[in-house]
Amino acid sequence: MIRPFAEWQVLRDARRRTTRNRYSVGAAKADVTEIRTAIGFLTWLDSHQTSLADADQPLFERWMTEHHTHVRKLTRFIRWTTARGLNTTLATPKRPRQFAGSFLAEHDYTHHLRRCLTDGTLPREVRIMGVLVLLYALPLSRISELTTTQFRRTPEGAFLTLGRHPVLAHPASPS
C-alpha cells in the first residue's frame, strides 16, 4: 500500500512541482516524512490488530491523540486511501485558515515601500525582498526560490514571472 501511495501520489506530485521549479530540499524532506508517517500509521494499526479497511474514526482519533504532531503529515495519505475506497470512514481535522491578525496603516505601508524603493543605505537584496513582500505578498520561501530566468527586460518594461504570468515589475522609462 505504501509503494503505490509513494509512487502515484507523492513522487508524481514531486515531479510535477519539479517541472515548475517549485520543488526544494525542504519539500523533499516533507515528502519523505509523509511516507514515513504513513508507514508508522499502518504499523500502529497492525499493532492494534486492525487493517486499514477496518479502522474506524474513534481508533483514528486515538492515533491522532497519541501522535498529535504527525496528524498534518498523514492528511494526504488519508485522502489518498479515501479516494481509492481503501477506507472511506477516516477524516482528518480541517486546518483553520489563518488570516493576518493585523495590517500596516496606509502611511506605514507607504513609508516602508518608499524606503525599499529609494533608501540606498539598505542592502539591495533587502530592498528587493521588501518590495516583493509589500507589493505581491510573496512569502520569503517563494522569494528565495526566484531565479534570474524569471526576470525579463523588454522595450515595454521589466517583467517578473510569478507563477504562470509575467507581471510588470518596472515601467519602461520614457524616451
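Position numbers for residues start from 1 in each chain and track the written sequence from start to end. Local features are withheld for residues below a pLDDT of 70 in this predicted model, meaning they are given only at 70 or higher, and side-chain atom pairs are given and counted only at 80 or more; totals for whole chains, interfaces and linings count all residues. Where side-chain values are given, they derive from all heavy atoms of the structure, hydrogens and water being excluded.

Q: Could you give an account of the overall build of the protein chain, naming the residues involved and the relevant values?
A: Helix and strand assignments follow DSSP, with helices taken as H or I runs no shorter than four residues and strands as E runs no shorter than two, numbered in order from the N terminus. The helix and strand inventory of the protein chain stands at seven helices and three strands. The N-to-C order of helical and strand elements in the protein chain reads α-α-α-α-α-α-α-β-β-β. The C-alpha atoms of the protein chain give 23 Å as radius of gyration, which overshoots the globular expectation for 175 residues (16 Å, by more than 25%). Oriented by its inertia axes, the alpha-carbon framework of the protein chain measures out at about 75 × 35 × 25 Å. Think of it in three bands: residues with accessible area under 20% of the maximum for their type are buried, residues over 50% are exposed, and the middle band is partly exposed, with areas taken using a 1.4 Å probe on protein chains only. When the 175 residues of the protein chain are sorted by exposure, 29% land in the buried category. We compute the radius of gyration from the C-alpha atoms alone; for a globule the expected value is 2.2 Å times N to the 0.38, where N is the number of residues.

Q: Tell me about the pattern of salt bridges, and please be specific about residues and values.
A: The rule for a salt bridge is simple: a side-chain nitrogen of Lys or Arg has to be within 4 Å of a carboxyl oxygen of Asp or Glu. The final tally for this structure, using the stated rule, is nine salt bridges. Ionic pairing is found between Arg17 and Asp13, a salt bridge with its closest N-O pair at 3.1 Å. Of this pair, Arg17 and Asp13 both sit in helix H1 (residues 2-19), four residues apart, which is roughly one turn of the helix. The same class applies to Arg17 and to Asp13, which are both buried. Residue Arg115 pairs with Asp119 through a salt bridge whose shortest N-O separation is 2.9 Å. Judged by relative accessible area, which is 19%, Asp119 ranks as buried. Three or more residues are tied together by salt bridges with common partners; here these are Asp13, Arg16, Arg17, Asp31, Glu34 and Arg76.

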